[in-house]
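# Residue-level structural notes
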Amino acid sequence: MTLAEARLRELATDGAASLADATAEEIMHWAVDSGLRLAVAGSMQDTVLVHLASTVLPGVEVLFLDTGYHFPETLQTRDRVAASYRVHLRTITPRQTVPEQDEEHGVALHERDPDLCCALRKTQPLDEVLDEYDAWATGMRRVESESRRDTPVVSFDERRDKIKLAPLATWTDDDVAAYIEKHQLISNPLLAQGYPSIGCAPCTRRVAAGADARSGRWAGTDKTECGIHL
Ligand code: SF4
């Protein structure tokens, strides 16, 4: 059973005030100590947050949104994480398979209406599964893009009436690299192949060294987010 909205709002306000300068581990501990039913969103771009959460809360539930369009390397990373980390990995799928979506909306909806495609294959499945939880944690970081520059470490997710945590919000790229090195984490092989930000294969491009990490996502369009963080 999940906590009532009013209680979650109160906790989010308290957490935002007390955890602004907290470490990622402290933020995760706060969620556990507050009695929140917590899920971690794991895109399998990297496995930092999933690993960190597993050290604080062994058996933590990790949600992987399987859009049907992922790179094989991303699915392999998910499978390696499920086999190696102390997590309960849940693969969440859209209501329709890709062929079913093609039949209803036409093939390659991502080329014609990526916002609708993301809504059907990412946002809606996440919204539905988060009904089971009080809070969710994401790996969003402020340095990733201009649109993420003000990411709070704790907030109330008005769209879903849940608490949203971004324990890595203040981490730099060097912080991430140091954590990966220290814990010898499983990595998505695409990171070393010019893909600093990894989403669905049709909507992810390689980027030049030093370019905005998210510039390879929906390249050539003005879309910058899939919608789950809006
Ligand atoms: Fe569809 Fe592209 Fe969004 Fe994936 S990232 S859900 S393929 S529009």
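On a predicted model such as this, the values are computed, not experimentally measured, just so you know. (Residues numbered from 1 in each chain as written. Predicted model: local features only at pLDDT ≥ 70, side-chain atom pairs only at ≥ 80, totals over all residues. Heavy atoms only, no water.)

## Describing the pairing of strand β6 (residues 162-165)
We apply this condition: Relative accessibility thresholds used throughout: buried, under 20% of the residue-type maximum; exposed, over 50%; partly exposed, between the two (1.4 Å probe, protein chains only). Each helix is a run of DSSP H or I of at least 4 residues and each strand a run of E of at least 2, with the numbering of both proceeding from the N terminus. At least two DSSP bridges between two strands are required for those strands to pair.
Across the two faces of β6 the burial is the same, with Lys-162 and Lys-164 and Ile-163 and Leu-165 all buried. The sheet contact formed by strand β4 (residues 135-137) and β6 spans three bridges and is parallel. Bridge assignment links Ala-135 to a residue of β6, and that residue is Ile-163. In this structure, strand β5 (residues 154-157) lies alongside β6, joined through four bridges in antiparallel fashion.

## Observations regarding the site of the ligand
Which entries qualify depends on this criterion: Nearness is judged by heavy atoms alone; a residue qualifies as near a molecule or strand once a single heavy atom is within 4 Å of it. Grid spacing is 1 Å over the protein atoms alone, the probe is 1.4 Å, and a cavity is where that probe fits but cannot get out, while a pocket is an open set with protein on both sides within 12 Å along at least five of seven lines and lining residues have an atom within 4 Å of a point. For this analysis, a molecule is said to be in a pocket or cavity if more than half of its atoms are within 2 Å of the grid points defining it. Think of it as three bins: nonpolar holds Ala, Val, Leu, Ile, Met, Phe, Trp, Tyr, Cys and Pro, charged holds Asp, Glu, Lys and Arg, and polar takes everything else, Gly as well.
Around the ligand, the neighbouring residues are Tyr-69, His-110, Pro-114, Cys-117, Cys-118, Arg-121, Lys-122, Cys-200, Cys-203 and Trp-218. Applying the majority rule of atoms within 2 Å of the grid points places the ligand in the largest cavity. For the shell around the ligand, the element with the highest residue contribution is helix α7 (residues 114-130), accounting for five residues. Residues belonging to the shell around the ligand are distributed by class as follows: seven nonpolar, one polar and two charged.

## Quick notes on empty space enclosed by the protein
Definition in use: Grid points are joined across faces, edges and corners, and a volume is the space filled by probe spheres set on the points.
Per the counting criterion, the structure on display carries one cavity of 30 Å³ or more. Approximately 130 Å³ is the volume attributed to the largest cavity. Every residue lining the largest cavity is counted, 15 residues in all, and those nearest its centre are Cys-118, Lys-122, Cys-200, Cys-203 and Trp-218. Ranked by the residues each element gives to the lining of the largest cavity, the list is headed by α7, at five residues.

## Topic: the pattern of salt bridges
Where we set the bar: Salt bridge, as used here, is a side-chain nitrogen of Lys or Arg placed within 4 Å of a carboxyl oxygen of Asp or Glu.
One pass over the structure, following the stated rule, counts 15 salt bridges. For Glu-5, the salt bridge identified is with Arg-9, shortest N-O distance 2.9 Å. Of the two residues, Glu-5 and Arg-9 both sit in helix α1 (residues 5-18), four residues apart, roughly one turn of that helix. Exposure remark for Arg-9: the relative accessible area of 32% places this residue in the partly exposed category. Linking Asp-127 and Arg-159 is a salt bridge whose minimum nitrogen-to-oxygen distance equals 2.8 Å. Placement of the pair is Asp-127 in helix α7 and Arg-159 in the loop between β5 and β6, with a sequence separation of 32 residues. According to the relative accessible area criterion, Arg-159 is partly exposed, its value standing at 46%. Bridged by salt links that share partners, the residues Arg-37, Glu-61, Arg-90 and Glu-132 form one connected network.

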